[in-house]
Amino acid sequence: QVQLVEYGGGFVQAGGSLRLSCVASGGTISTKAMGWFRQVLGKEREFVAAVRWDHGVTAYADSVKGRFAVSRDNAKNTVYLQLNSLKSEDTAVYYCAGSYTWHLIRSKAEAAHWGQGTQVTVSS
């Protein structure tokens, strides 16, 4: 069973940057779509970004396009999310997800694996 662990969350001022990492163990991510979601207390978990098993294909939520970048290193079994030009509304718990299908970008129900989440707090 694949296990995902996120790293890199923290506290940052508006306009700053963070890099999140998601390390997989117990199986390979090379054949999976890997995504990032985020959730604010009391709200639905929402899609942020994803990268397909063939590296060149990515997808982003409109709210983060041009500011966030998702990438993967299959050799390291790791997925990254670079967060730039952060805003206070980016404050959330960020979750890594793995899926057998690209439909992950449309529905979190398509995720087969979830990490435990990492908190990102952006002060204005």
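For the structure itself, consult the block above.
First, a word on scope: everything that follows refers to the structure included in this document. (Residues numbered from 1 in each chain as written. Predicted model: local features only at pLDDT ≥ 70, side-chain atom pairs only at ≥ 80, totals over all residues. Heavy atoms only, no water.)

### As for the pairing of strand E5 (residues 46-51)
Strand residues, when the strand is regular, have side chains that alternate between the two faces of the sheet.
Right, on to step 1. The buried fraction of E5 is high, at 5 of 6 residues.
Right, on to step 2. Hairpin geometry of strand E4 (residues 33-39) and E5 is characterised by an intervening segment of 6 residues between the two adjacent antiparallel strands and by a positive phi of about 90° at glycine 42.
Right, on to step 3. Judged from the 3 bridges that link them, E5 and strand E6 (residues 58-60) form a sheet pairing that is antiparallel. Along E6, the bridge assignment pairs valine 51 with threonine 58. (Buried < 20%, exposed > 50% of the residue type's maximum accessible area, 1.4 Å probe, protein only. Helix = DSSP H or I, 4+ residues; strand = E, 2+ residues; numbered from the N terminus. Pairing = 2+ DSSP bridges.)

### Considering the state of the cysteines
Right, on to step 1. Considering all chains together, one arrives at 1 disulfide under this definition.
Right, on to step 2. The disulfide bridge from cysteine 22 ends at cysteine 96, spanning 2.1 Å between sulfur atoms. Between cysteine 22 and cysteine 96, the S-S dihedral sits near -80°, and the bridge is therefore left-handed. Residue cysteine 22 is found in strand E3 (residues 18-25), and its partner cysteine 96 is found in strand E9 (residues 92-99); the two are separated by 74 residues along the sequence. Across this residue pair, the class does not change: cysteine 22 and cysteine 96 are buried. (Disulfide = S-S within 2.5 Å.)

### Here we look at the nonpolar core
Right, on to step 1. Grouped together as the largest cluster of nonpolar side chains are 35 residues, with contacts concentrated most on Trp36, Leu81 and Tyr94.
Right, on to step 2. The element best represented in this core is E5, accounting for 5 residues.
Right, on to step 3. Contact partners of leucine 81, with chain neighbours within four places excluded, come to Leu18, Arg19, Leu20, Trp36, Val48, Ala49, Phe68, Ala69, Val70 and Tyr94. (Core = buried A, V, L, I, M, F, W, Y, C linked by side-chain atoms within 4.5 Å. Contact = heavy atoms within 4.5 Å.)

### Some details on the sheet that holds E3
Right, on to step 1. One open sheet holds the 4 strands; their spatial order is E1-E3-E8-E7, and the pairing between them is antiparallel. The strands lining the two open edges of the sheet, one partner per strand, are strand E1 (3-7) and strand E7 (68-73). Strand-to-strand twist across the sheet, computed as the mean angle between neighbouring axes with direction ignored, equals 15°.
Right, on to step 2. Of the strand pairs in this sheet, E7 and strand E8 (residues 78-83) are connected by 6 bridges, and their pairing is antiparallel. Considered in E8, the bridge of aspartate 73 is made with threonine 78. (Axes fitted to C-alpha atoms, helices over the stretch in contact; angles between N-to-C directions.)

### Remarks on the pairing of E4
Right, on to step 1. Counting buried residues in E4 gives 6 out of 7 residues, a clear majority hidden from the surface.
Right, on to step 2. Relative to E9, E4 runs antiparallel, the two being bridged by 7 bridges. Paired with phenylalanine 37 across the strands is tyrosine 95, a residue of E9.

Geometric values such as these leave the question of function open.
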